[in-house]
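Each chain is listed here by its residues.
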Amino acid sequence: MNFAIVVHGAPYSSEACLSALKFAKAVLASGHSINRVFFYHDGVHTANNQIAPPQDEAPVSEQWQEFGVGNNIELIACIASCLRRGILDETEADRYEKSGSNLAPGFTISGLGQLIDASINADRVVTFGV
Amino acid sequence: MSTILFVFSRPPHGSINAQEGLDALLMGSAFTTCSVLFVGDGLMQLASGQSTDDLGTKNFSLGFGALKDYGVTRIACSKPDLVARGLNKDDFLIEVESLNAAGMQALIHDHDKVLNF
């Protein structure tokens, strides 16, 4: 079965982000597939490469990066949500004349159409956090 | 092509969930057949006469007027939640059908995917 996974919660503020990662790993471990992970709302904070958690807390963003890159799964962060929250790739940082970009490796900034496309084409959509 | 039901359950202000939910609904209806169901405090999103002047936030409720133009198929709300909040459909910005539990169950069942906001 093919899953689309949607993450609405920010790492450390919400359990949703880590629960989604555990679910995504379980999906693959069970022999299913994931067509895309879409980060929306505060979920886009996961894509911030400037997060520096305490050493005794899980590096949630890096764990997502490893998962996405290691399994060749798209990690898409919504552009409208990102811009509001200061998550910028180099293109957007240049466009809005900001001092720097902070999009973590393995993540891509793209539009809401990617959420709809993933939802349409998956057998199941599972959303974490509201 | 998959049909999508959007379920809106959050109040319009206090968080950005409702506003970003509406954005997703409008995008969805450009791609495929979409409907929307308002439940719980999500019904407050539809209240007419909203003003955000004193909040300093965007009055996105005006965007609900575009749902028909975007081809959103069914616009529905929970009848029990409507009654519980002392609202009636005349209080709303747009025309909405109210559904009892069985009607909501059927609406969810009629769609391939559900996105919650």
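Residues numbered from 1 in each chain as written. Chains lettered and ligands numbered in written order. Predicted model: local features only at pLDDT ≥ 70, side-chain atom pairs only at ≥ 80, totals over all residues.

**Q** Requested: an account of the overall build of chain A, with residues and values cited.
**A** Helix and strand counts for chain A stand at five helices and five strands. Helices and strands in chain A line up, N terminus first, as β-α-β-α-β-α-α-β-α-β. Against the compact-globule benchmark of 14 Å for 130 residues, chain A has a radius of gyration of 14 Å, which places it among compact chains. Projected onto its principal axes, the C-alpha coordinates of chain A cover approximately 45 × 35 × 25 Å. Buried residues in chain A amount to 43% of all 130 residues. Considering only contacts in chain A between residues 6 or more positions apart, those separated by 24 or more positions represent 76%. (Helix = DSSP H or I, 4+ residues; strand = E, 2+ residues; numbered from the N terminus. Rg over C-alpha atoms; globule rule 2.2 N^0.38 Å. Buried ≥ 20, exposed ≤ 12 C-beta atoms within 10 Å, placed from the backbone. Contact = placed C-beta atoms within 7 Å.)

**Q** I'd like to hear about the sheet that holds strand β5 (residues 124-128) of chain A, residue by residue, with values.
**A** All names here are of chain A. Taken together, the five strands give an open sheet; going across it, the order is β4-β3-β2-β1-β5, and neighbouring strands pair in parallel fashion. Of all strands in the sheet, those bounded by a partner on one side alone are β4 (107-110) and β5. On average, each strand axis in the sheet is tilted by 25° relative to the strand beside it, whichever way the strands run. Where helix α1 (residues 16-29) meets the sheet, it contacts β1 (2-7), β2 (33-39) and β5, and its direction lies at approximately 170° from that of β1. Docked against the sheet, helix α5 (residues 113-121) engages β1, β2, β3 (75-78), β4 and β5, running at close to 155° with respect to β2. (Pairing = 2+ DSSP bridges. Axes fitted to C-alpha atoms, helices over the stretch in contact; angles between N-to-C directions.)

**Q** Give a description of the confidence of the model for chain B that names residues and reports values.
**A** With 100% of its residues at a pLDDT of 70 or more, chain B shows a mean pLDDT of 95. Here the prediction assigns the complex a pTM of 0.93, and the interface score ipTM is 0.89. (pLDDT = per-residue confidence, 0-100.)

**Q** Report on the packing of α5 of chain A against helix α1 (residues 17-31) of chain B, specifying residues and quantitative values.
**A** Put simply, α5 of chain A and α1 of chain B touch, their axes get as near as 9 Å, and they point 55° apart. One finds that α5 of chain A runs oblique with respect to α1 of chain B. Helix-helix and strand crossings are classified by hand; for α5 of chain A and α1 of chain B the assignment is right-handed. Facing Gly 113, Leu 115, Ile 116 and Ile 120 of chain A of α5 of chain A, the residues of α1 of chain B in contact are Ala 24, Met 27, Gly 28 and Phe 31 of chain B. (Parallel < 35°, antiparallel > 145°, perpendicular 65-115°, else oblique. Left-handed = near helix turned anticlockwise from the far one by under 90°.)

**Q** If you had to explain α1 of chain A to someone new, which residues and values would you point to?
**A** Compared with the 20 Å implied by 1.5 Å per residue over 14 residues, the 20 Å span of α1 of chain A between its first and last C-alpha is a close match. Tucked inside the fold, the buried residues of α1 of chain A contact β1, β2, α2 (60-71) and β5 of chain A. (Expected span 1.5 Å × (residues − 1).)

**Q** An account of the interface of chain B and chain A is needed here, citing residue identities and associated values.
**A** If you look at the interface, chain B gives 16 residues, while chain A gives 13 residues. At the level of elements, α1 and β5 (113-116) of chain B are the ones that each hand at least two residues to the side of chain B that touches chain A. With seven residues, α1 of chain B is the single largest residue contributor to the side of chain B that touches chain A. Among the residues making up the side of chain B that touches chain A, the classes are represented as eight nonpolar, five polar and three charged. (Nonpolar A, V, L, I, M, F, W, Y, C, P; charged D, E, K, R; others polar.)

**Q** Could you give an account of the sheet that holds strand β4 (residues 97-99) of chain B, with specific residues and numbers?
**A** Hydrogen bonding along the main chain pairs the strands of a sheet, whether they run parallel or antiparallel. All names here are of chain B. Spatial ordering of the open sheet is given by β4-β3-β2-β1-β5, a layout of five strands whose pairing is parallel. On the outer flanks of this sheet lie β4 and β5, each paired with one strand and no other. Neighbour-to-neighbour, the strand axes of the sheet open up by a mean angle of 30°, direction not taken into account. Bridge analysis of strand β1 (residues 4-8) against strand β2 (residues 34-38) gives five bridges, and the strand direction is parallel. By the bridge assignment, Val 7 is partnered in β2 with Leu 37.

**Q** So what about the nonpolar core? Which residues, and what values?
**A** The tendency in soluble globular proteins is for nonpolar side chains to be buried as a group. Counting residues in hydrophobic clusters, the biggest one holds 65 residues, and the most contacted among them are Phe 39 and Ala 77 of chain A together with Phe 6 of chain B. Those residues in contact with Phe 39 of chain A, other than ones at most four positions away along the chain, are Val 7, Val 44, Thr 46, Ala 47, Ile 76, Ala 77 and Cys 78 of chain A. (Core = buried A, V, L, I, M, F, W, Y, C linked by C-beta atoms within 7 Å.)

**Q** Run through unusual backbone geometry, naming residues and quoting values.
**A** Residues and elements named next belong to chain A. You will see that Tyr 12, though not glycine, has its phi angle at about 75°, which is positive. Examined against the element boundaries, Tyr 12 turns out to sit in the loop between β1 and α1. According to the C-beta neighbour criterion, Tyr 12 is partly exposed, with 17 such atoms within 10 Å. A positive phi angle, close to 55°, is found at Asn 72, a residue other than glycine. Its place among the elements puts Asn 72 in the loop between α2 and β3. Taking the C-beta count within 10 Å as the criterion, Asn 72 has 6 such neighbours and is therefore assigned exposed.

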